[in-house]
Amino acid sequence: MLLVQLIVSGLQTGLLYAVTAAGFAMIFGATRIFHVAHGAVFALAGYVFLSAYTAGFGWTGGALAATVIAVAFGAGMERFVYRPIQRHEASFFTVFVASFGVSIIIQSLIEMIFGRGFVTLTTPLAQARPMFGGIYIAPMFWIVLVVTLVVFAVLWAFLRFTRTGIGLRALSESPELLRAYGLSAQRLSALVFAIGSVLCVPAAILKMAITGMQPSVNSHVMLISLASTIVGGVGSITGAALGGLLLGIAENVSITLLDSQWSEAASFIVLFAFILLRPRGLFGYAVTR
Amino acid sequence: MIAYLLNLSTLIAIFAILATSLNILVGFGGIFSVAQAVFFGVGAYAAAQMALNVTPDLLVDALVGAAAAGALSVCLALPALRVRDEYFVIASLGLQMLAVTIFIDMKPLTGGIGGLVGIPVPTLFGLSLANPDAMLAACVGFLVIALALTRVLMRGSFGRSLMSIRDNESAAAALGKNPMVLKTLAVVLGCAFAGVGGALYSAQIQFVNVESFTMDQSTLIMAMVVIGGTGTLAGPLVGSILILLLPAALSFIPGIPPTEIGAVQQMIYGLVMTLLMIFRPGGLVAFQAWRR
Amino acid sequence: MTSLLSLRGLNRSFGGLAAVSDFNMELESGIVTALIGPNGAGKTTIFNLITGNLRVDSGQILLQGTDITGLKPHRVARLGVARSFQDLRLFSHMSVFDNIRAATEPTSWFWQGGEGEARRKRLGRVEMAIERAGLASVARARAIDLAYAERKFLSMARVMATGANIWLLDEPASGLDPRSRAQFVNMVRRATTEGVTVLIIEHNLDIVTEVADRIAFLDQGRKLAEGGAAEIMQDKALAAIYFGERV
């Protein structure tokens, strides 16, 4: 049952994409900042984890280091790059170029330190074992499933039940409302960047453990996050997550139909289809003029 | 040494055409594309095929390159321009990444990963351009024409209409301008220019391969426009000169291993672009100094 | 008195909230009609429906008998309907001169039609608009560098230069000092003597008194009253609604 096998592996990829995309959608939805450097956060988290892990700090040490760096970077971008830009001329162009510039810096740094090739973490957890019906599943799959579901559950609870979470949702729906209520839009912005960046961490660690990474993962993740947000619909975090899931599955399933090098292209084809036929995505607001 | 300088100057002229082409989209049109290298590539492949199979005449090959790139750009423009700016960037990002796969895949047209080799020496009006001086002169000639054409168009009603759409699309439409048509024309024009650059490139290097048409290349072109300054004629020129001189400048700095020069370069562009956006968004040749 | 623009049964809601309800109006040509009413009454929405920036839920818009409902904004503009925006929407990086000149060049090809003569006529309209809006001293300045009153007048100048015979003006005089207001009133009066039909949204009742021939009063998306300027201005019940003293 090759198809089922591919769907399973697609699910695994898709779940990781979903978490990352949700992070981006959260940031974009709340601040309207086109934070393409989100891909760089992902890359940073993965590589920092790898360094800490191989330096002997193990999974927890590595995860901790990755989280700290991701949050610092995300919040740092907000404070030192986006905020100064928004003070004088926050056109789409300037924000995008600045974010893009930073992502290039990070990618080049990673290239210089780790080289251009793939690096990975070897772990028996990533080895596939036969499970029911002749399908091979690695223990890693269950870890991915559990971790991402936990992350989503925590996120959902946070957004729904905590004061800050509700504030964040208000920020994305109507920033003016927030200002009227005297809540600090600035503090919430910094927070949303921190949280959005944290969402990358589990996904990056797992990706490092499963397939490994190369420096260009930055652009790939950036594109997937953007594409998921469009497919899911701008303004919807759930949408972006579903979009990520869909793209992950599409990428894997398409291997049956196309050459392996085209499987990556599959996500772009889905993306173009949505832009052409349904720009508002699955759940978003209408965006045609 | 002279050969090196001549080659570098020719490349500067070619990239200045590329930067100018992107400037039409980004600077004058407010259309953010990160896929300019794709059209550079299409022009290069098309011209190379012409040179290999029909004629090495540079003018003909350049026009073919322009036509191929321009035609393809319509396919990108029509769907993508219907939606907001952010969507166009994303679509162009996707196109850029998709294009590399396509270029590798279409072996008969592009030579696959190996690329197309043995492109004949270009000629122009019957004269051979084997001499690097002559080739440089020809490329500068094309650059001058590109700049002149850009100036005439941007100073005329087309430029005004395009810029009004850039500055405020709804107000422009309220004055009777059709945003879709104007933006599509701008995209076709800009991408056609990029195609010309591609044709010149394939004639100069006499070899085309997909490595020259990746995201890195698009980033480079974008850096030239952003750093030099958008919306002016001189900006892309300044940008292309500075950025192409960078590798040479870097080789004088001790302590950078030659294998790392690429990454260091990229890091410098990224840094300069980001700093510029924070402090001087108009670029080096801002069309008027930013107050505040 | 012919009806230049007919609005029939216009309806438009946003997510359940009716912004415009069953709005009917026949715009008489050659005069100034004012749309007044409290904030949120749906006045700008009506403009957006006419110009095609928003789609009507139901209803019809006829321009000299031709149905223009649902046409795209640039098409409506080319049919002779010029519009200004409450938030001005100037072309910030272009000069005053180019802002106005852009208004005279509606076609989207690489060049405008008709050489020489037509071009001179277009430039003539630009000069006329600059002169009437009093912007001669800042003609070469960038729109983004202008003072408040100059920006408002640039917005007007763009409308003037289009040569359109219907003007939809959205709060064109808000925030202007008395002298500028007087200049504005003159601009509008002069236009109507030249055959332009004006529909104006305005909160400042002094200006409305000075400029309007007819007034339509809107509240919560509905037209409550319409008539000659003088009679509407004296209606006590309307005044109560306008100033917020609801019964």
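Because the structure is predicted, anything quoted here is derived from the model rather than measured. (Residues numbered from 1 in each chain as written. Chains lettered and ligands numbered in written order. Predicted model: local features only at pLDDT ≥ 70, side-chain atom pairs only at ≥ 80, totals over all residues.)

Caption draft 1: Layout of the overall build of chain C. Each helix and strand counted, chain C has 9 helices and 10 strands in total. Taking the principal axes of its C-alpha atoms as reference, chain C extends roughly 60 × 40 × 35 Å. Excluding contacts between residues fewer than 6 apart, the proportion of contacts in chain C whose partners are at least 24 apart in sequence is 67%. (Helix = DSSP H or I, 4+ residues; strand = E, 2+ residues; numbered from the N terminus. Contact = placed C-beta atoms within 7 Å.)

Caption draft 2: Region of the structure containing the overall build of chain B. Within chain B, the secondary structure is distributed over 12 helices and 2 strands. Written out in order from the N terminus, the α and β elements of chain B read α-α-α-α-α-β-β-α-α-α-α-α-α-α. Rg of the C-alpha trace for chain B: 19 Å, near the compact-globule value of 19 Å for 292 residues, within the 12% margin. Each principal axis of the C-alpha atoms in chain B carries an extent, and together these give about 55 × 45 × 35 Å. Across the 292 residues in chain B, those meeting the buried criterion constitute 59%. Put simply, of all contacts in chain B between residues at least 6 apart along the chain, 76% involve residues at least 24 apart. (Rg over C-alpha atoms; globule rule 2.2 N^0.38 Å. Buried ≥ 20, exposed ≤ 12 C-beta atoms within 10 Å, placed from the backbone.)

Caption draft 3: Just the confidence of the model for chain B, in detail. Taken as a whole, chain B shows an average pLDDT of 88; of its residues, 98% reach a score of 70 or greater. Averaged pLDDT values for the elements of chain B fall to 85 in helix H4 (residues 85-105) of chain B and rise to 95 in helix H2 (residues 36-53) of chain B. (pLDDT = per-residue confidence, 0-100.)

Caption draft 4: Representation of the nonpolar core in the model. The biggest cluster of nonpolar side chains holds 276 residues, and the ones touching the most others in it are Ala22(A), Leu44(A), Ala45(A), Phe49(A) and Ala157(C). For this core, the element with the most residues is helix H2 (residues 38-88) of chain A, which contributes 21 residues. Three or more residues apiece are contributed to this core by two domains, here domain 1 (1-80 + 164-247) and domain 2 (93-163) of chain C. (Core = buried A, V, L, I, M, F, W, Y, C linked by C-beta atoms within 7 Å. Domains from an automatic or database assignment.)

Caption draft 5: View of the confidence of the model for chain C. Residues with a pLDDT of 70 or more make up 96% of chain C, whose mean pLDDT is 89. The complex prediction reports pTM at 0.88, with the ipTM value standing at 0.89.

Caption draft 6: A look at the interface of chain A and chain B. Each partner contributes to the interface: chain A provides 36 residues, whereas chain B provides 34 residues. Within the side of chain A that touches chain B, the residues separate by chemical class into 27 nonpolar, 7 polar and 2 charged. (Nonpolar A, V, L, I, M, F, W, Y, C, P; charged D, E, K, R; others polar.)

Caption draft 7: Up close: the packing of helix H3 (residues 92-114) of chain A against helix H12 (residues 261-279) of chain B. Packing of H3(A) against H12(B) brings their axes to within 8 Å, and their N-to-C directions diverge by 155°. Classified by the angle between their axes, H3(A) and H12(B) sit roughly antiparallel to one another. Where H3(A) crosses over H12(B), the two elements pack in a sense that is left-handed. Between H3(A) and H12(B), the residues in contact are Thr94(A), Val97(A), Ala98(A), Gly101(A), Val102(A), Ile104(A), Ile105(A), Ser108(A), Leu109(A), Glu111(A) and Met112(A) and Ala263(B), Gln266(B), Met267(B), Tyr269(B), Gly270(B), Leu271(B), Met273(B), Thr274(B), Met277(B) and Ile278(B), respectively. Considering only residue class, the contact of H3(A) with H12(B) consists of 14 nonpolar, 6 polar and 1 charged. (Axes fitted to C-alpha atoms, helices over the stretch in contact; angles between N-to-C directions. Parallel < 35°, antiparallel > 145°, perpendicular 65-115°, else oblique. Left-handed = near helix turned anticlockwise from the far one by under 90°.)

Caption draft 8: View of helix H7 (residues 157-167) of chain B. Burial runs high along H7(B): 11 of the 11 residues are buried. Taken residue by residue, H7(B) has Ser157(B), Phe158(B), Gly159(B), Arg160(B), Ser161(B), Leu162(B), Met163(B), Ser164(B), Ile165(B), Arg166(B) and Asp167(B) as its buried positions.

Caption draft 9: The environment of Val89(B), seen in detail. Residue position: Val89(B) is located in helix H4. A residue is classified by how many C-beta atoms lie within 10 Å of it, and Val89(B), with 23 of them, is buried. A C-alpha to C-alpha distance of 5.6 Å links Val89(B) and Phe32(B), two positions 57 residues apart in sequence. Those residues in contact with Val89(B), other than ones at most four positions away along the chain, are Phe96(A), Phe32(B) and Val34(B).

Caption draft 10: Looking closely at the pairing of strand S4 (residues 58-63) of chain C. Residue and element names in this part refer to chain C. With 5 bridges connecting them, strand S1 (residues 3-14) and S4 associate as antiparallel partners. Looking across to S4, one finds that arginine 8 is bridged to glutamine 60. Pairing geometry for S4 and strand S5 (residues 66-67), over 2 bridges, is antiparallel. Each bridged residue has a counterpart across the sheet, and for leucine 62 the counterpart in S5 is aspartate 67. Connecting S4 to the antiparallel partner S5 that follows it, the hairpin turn spans 2 residues, and glutamine 64 within it adopts a positive phi of roughly 50°. (Pairing = 2+ DSSP bridges.)

Caption draft 11: Representation of the domain arrangement of chain C. Residue and element names in this part refer to chain C. The domain boundaries assigned to chain C delineate domain 1 (1-80 + 164-247) and domain 2 (93-163). Measuring from the centre of the C-alpha atoms in domain 1 to the corresponding centre in domain 2 gives 25 Å. Contact residues are listed per partner, giving 11 residues for domain 1 and 12 residues for domain 2. Elements represented by at least two residues in the side of domain 1 that touches domain 2 include exactly helix H2 (73-78) and helix H6 (178-193). Counted by class, the side of domain 1 that touches domain 2 contains 6 nonpolar, 3 polar and 2 charged residues.

Caption draft 12: Structural detail: the sheet that holds strand S9 (residues 214-219) of chain C. Residues and elements named next belong to chain C. On the basis of which strands lie adjacent, the open sheet formed by 6 strands has the order S6-S7-S8-S3-S9-S10 and mixed pairing. With one partner strand each, in any of the chains shown, strand S6 (81-83) and strand S10 (222-228) form the two edges of the open sheet. The average angle at which neighbouring strand axes cross in this sheet is 15°, direction not considered. Summarising the sheet, S9 and S10 pair through 6 bridges and their orientation is antiparallel. Opposite leucine 218, over in S10, you have lysine 223 as the bridge partner.

Caption draft 13: Focus on helix H4 (residues 117-132) of chain C. Residues and elements named next belong to chain C. Under the 1.5 Å per step criterion, the end-to-end length of H4 is 23 Å for 16 residues, consistent within 8% with the ideal 22 Å. Of the positions making up H4, those classed as buried are Val126, Ala129 and Ile130. Across the axial projection of H4, the buried residues extend over an arc of 100°, all falling on one side. When the buried face of H4 is taken as reference, the exposed residues oriented beyond 90 degrees from it are Glu117, Arg120, Lys121, Gly124 and Glu131. Where H4 is buried, its residues touch helix H3 (96-102) and helix H5 (148-161). At the C-terminal side of H4, glycine 134 shows a positive phi close to 65°. (Expected span 1.5 Å × (residues − 1). Arc of directions from axis to C-beta.)

Caption draft 14: Structural view of the sheet that holds S5(C). Residue and element names in this part refer to chain C. The antiparallel open sheet is built from 4 strands, whose spatial order is S2-S1-S4-S5. Looking at which strands have only one partner, the edges of the open sheet turn out to be strand S2 (17-28) and S5. Examined bridge by bridge, S1 and S2 share 8 bridges and lie antiparallel to one another. Of the residues in S2, the one forming a bridge with serine 3 is glutamate 28. In this fold helix H1 (residues 43-51) packs onto S1, S2 and S4, with an angle of close to 65° to the strand it touches most, S2.

Caption draft 15: Layout of the interface of chain B and chain C. Contacts between chain B and chain C engage 21 residues on the former and 26 residues on the latter. For the side of chain B that touches chain C, the secondary structure elements donating two or more residues are H7, helix H8 (169-174) and helix H9 (179-205) of chain B. At 7 residues, H7(B) tops the list of elements feeding residues into the side of chain B that touches chain C. Taken together, the residues of the side of chain B that touches chain C break down into 9 nonpolar, 9 polar and 3 charged.

Caption draft 16: The arrangement of the arrangement of the chains in detail. Ranking by contact count across 2 pairs of chains in contact places chains A and B at the top. Between chain A and chain C there is no contact, and the shortest C-alpha to C-alpha distance separating them is 9 Å.

Caption draft 17: Unusual backbone geometry, seen in detail. Located in the positive-phi region is Arg32(A), a residue other than glycine, with phi close to 60°. With respect to the element layout, Arg32(A) can be found in the loop between helix H1 (2-31) and H2. Judged by the 16 C-beta atoms lying within 10 Å of it, Arg32(A) is partly exposed. Residues other than glycine seldom take positive phi values, yet Asp22(C) does so here, at roughly 45°.

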